Amino acid sequence: MPTGPLARVLESIENVTGTATRPAARLLAVGKSREAGEIASLAAEWAGLRPGATLAFGENYVQEASSKIAALEGSGIEWHLIGHLQSNKAVQAAALFDWVQSVDRPKLVAALASARNPDHPPLNVLIQVNVDGEAGKHGCTPDDVPSLAAAIAAEPTLALRGLMAIPEPHPDLARRRDAFAAMRALHDALRADHPDADVLSMGMSEDYALAIAEGATMVRIGTALFGPRQAA
Ligand SMILES: *Cc1c(COP(=O)(O)O)cnc(C)c1O
């Protein structure tokens, strides 16, 4: 029995998803300034545990990701941008990433759509929602979701895949449940109009079990895989 952090996280995701009627939530491994070598080790461990399945890996910064993605070319990793994206980095992001989870405004939709090479598969896009209405946080308001979704769906170089949220890290987990439940309701409403938008990305190392119980289909996990963050 493999017992490393990756094996434990995968097993725990499967246990909490738990029912035969619902596929296990997908793991997005999150690097947070991990070196390419560490990511390569994780990819090798993944290949042993989940032969043939694609490893999804999340990066916060376009600049930092670009050298790692180049170094890991051919590794079969699917790259997700999960950090805030400035419009002036959209060209680079559209070329480097397979997914952008942080789309939160019409200007960015337009910039990514025109930057994505039409000969490549469409860029997978999640709409980031500021579900707690926190001041100064990225993400659109819940009310903005339908119009942003329509704008994305109208772009042939983009594929609308669902929603993403980073709820307020309230110390009382019960309070986080409200945010997860609100996201699930938003996601259900979105899917009524866009059935292919089947991804709900929410939950991190501390609260992924709760997020999955409330309907997450993708959990973004760093600390539980790599240990506590190193000082930059
Ligand atoms: C860092 C980060 C994560 C992972 O957080 P952990 O608590 O380390 O699991 C998930 N999502 C986003 C957007 C992040 O920036």
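The name an unreviewed UniProt entry gives the protein chain is Pyridoxal phosphate homeostasis protein, with Luteimonas terricola as the organism. Per UniProt, the protein chain has the following entry under Sequence similarities (unreviewed entry): "Belongs to the pyridoxal phosphate-binding protein YggS/PROSC family." Entered under Function (unreviewed entry) in the UniProt record, the comment concerning the protein chain runs "Pyridoxal 5'-phosphate (PLP)-binding protein, which is involved in PLP homeostasis."

A. Representation of the UniProt feature "modified residue: N6-(pyridoxal phosphate)lysine" (unreviewed entry) in the protein chain in the model. Following the UniProt record, the feature "modified residue: N6-(pyridoxal phosphate)lysine" (unreviewed entry) maps to K32 here. Mapping K32 onto the fold places it in the loop between β1 (26-30) and α2 (36-49). The exposure class assigned to K32 is partly exposed, which follows from its relative accessible area of 31%. Beyond its immediate sequence surroundings of up to four residues, K32 is in contact with N60 and R229.

B. Geometry of the layout of surface pockets. Quantified by volume, the largest pocket comes out at close to 510 Å³. Lining of the largest pocket is provided by 27 residues; of these, K32, N60, I166, M204 and R220 occupy positions nearest its centre. Counting only elements with at least two residues in the lining of the largest pocket, the list comes to α7 (173-193) and β8 (218-221). Along its surface, the second largest pocket is lined by 17 residues, and H187, R191, D198, G215 and T217 are the ones closest to its centre. Residue assignment for the lining of the second largest pocket shows that the elements contributing at least two residues are α7 and β7 (199-201). Top contributing element to the lining of the second largest pocket by residue count: α7, with 4 residues.

C. Fine view of the side chain of N60. Structurally, N60 is set in the loop between β2 (56-59) and α3 (62-71). Not counting residues within four places of it along the chain, the set of residues in contact with N60 comprises V30, K32, L81, I82, G83 and H84.

D. Structural view of the site of the ligand. In the neighbourhood of the ligand, the contacting residues comprise V30, K32, N60, I82, I166, M204, S205, R220, I221, G222, T223 and R229. Between the ligand and K32 there is a distance of 2.9 Å, counted from an oxygen atom to a side-chain nitrogen or oxygen. With respect to the ligand, the side chain of S205 contributes an N or O atom lying 2.5 Å from an oxygen atom. If the ligand stood free it would expose 390 Å²; the protein chains cover 89% of that surface.

E. Spatial organisation of the packing of aromatic side chains. This model, assessed by the stated rule, comprises 2 aromatic pairs. The interplanar angle of 65° and the centroid separation of 5.7 Å between the aromatic rings of F57 and W79 together place this pair among those described as edge-to-face. Taken together, the positions of F57 in strand β2 and W79 in strand β3 (residues 78-81) put the pair 22 residues apart, joining distant regions of the chain. With respect to burial, F57 and W79 carry one shared label: buried. Plain terms: the ring middles of F57 and F226 are 6.3 Å apart, the flat faces sit at 70° to each other, and that makes the pair edge-to-face. Residue F57 is located in strand β2, and its partner F226 is located in helix α9 (residues 223-226); the two are separated by 169 residues in the primary sequence. Neither F57 nor F226 differs from the other in exposure class; each is buried. These aromatic residues form a ring-pair network of at least three members: F57, W79 and F226.

F. Inspection of unusual backbone geometry at higher detail. For K32, which is not glycine, the phi torsion reads 50° and is therefore positive. Despite not being glycine, S33 shows a phi value in the positive range, around 60°. Here S33 lies in the loop between β1 and α2.

G. Quick peek at the nonpolar core. L112 and I127 are the most contacted members of the largest nonpolar core, which totals 66 residues. Ranked by the residues each element gives to this core, the list is headed by α2, at 6 residues. Excluding its chain neighbours within four sequence positions, the residues that come into contact with I127 are Q101, V103, C140, V145, L148, A149, I152, L160, G162, L163 and M164. In this structure, L28, A56, W99 and V199 belong to the second largest nonpolar core, which totals 9 residues.

The rules behind each value
- Residues numbered from 1 in each chain as written.
- Predicted model: local features only at pLDDT ≥ 70, side-chain atom pairs only at ≥ 80, totals over all residues.
- Heavy atoms only, no water.
- UniProt positions renumbered as here; feature names shortened; annotations may be inferred.
- Helix = DSSP H or I, 4+ residues; strand = E, 2+ residues; numbered from the N terminus.
- Buried < 20%, exposed > 50% of the residue type's maximum accessible area, 1.4 Å probe, protein only.
- Contact = heavy atoms within 4.5 Å.
- 1 Å grid on protein atoms, 1.4 Å probe; cavity = no way out; pocket = protein on both sides within 12 Å on 5 of 7 lines; lining within 4 Å.
- Points joined across faces, edges and corners; volume = space filled by probe spheres on them.
- Near = heavy atom within 4 Å.
- Polar contact = N/O pair within 3.5 Å; in protein donor to acceptor, adjacent residues only side chain to side chain.
- Areas by Shrake-Rupley, 256 points an atom, 1.4 Å probe, with all protein chains shown as cover.
- Phe/Tyr/Trp six-rings, centres within 6.5 Å; stacked < 30°, edge-to-face > 60°.
- Core = buried A, V, L, I, M, F, W, Y, C linked by side-chain atoms within 4.5 Å.

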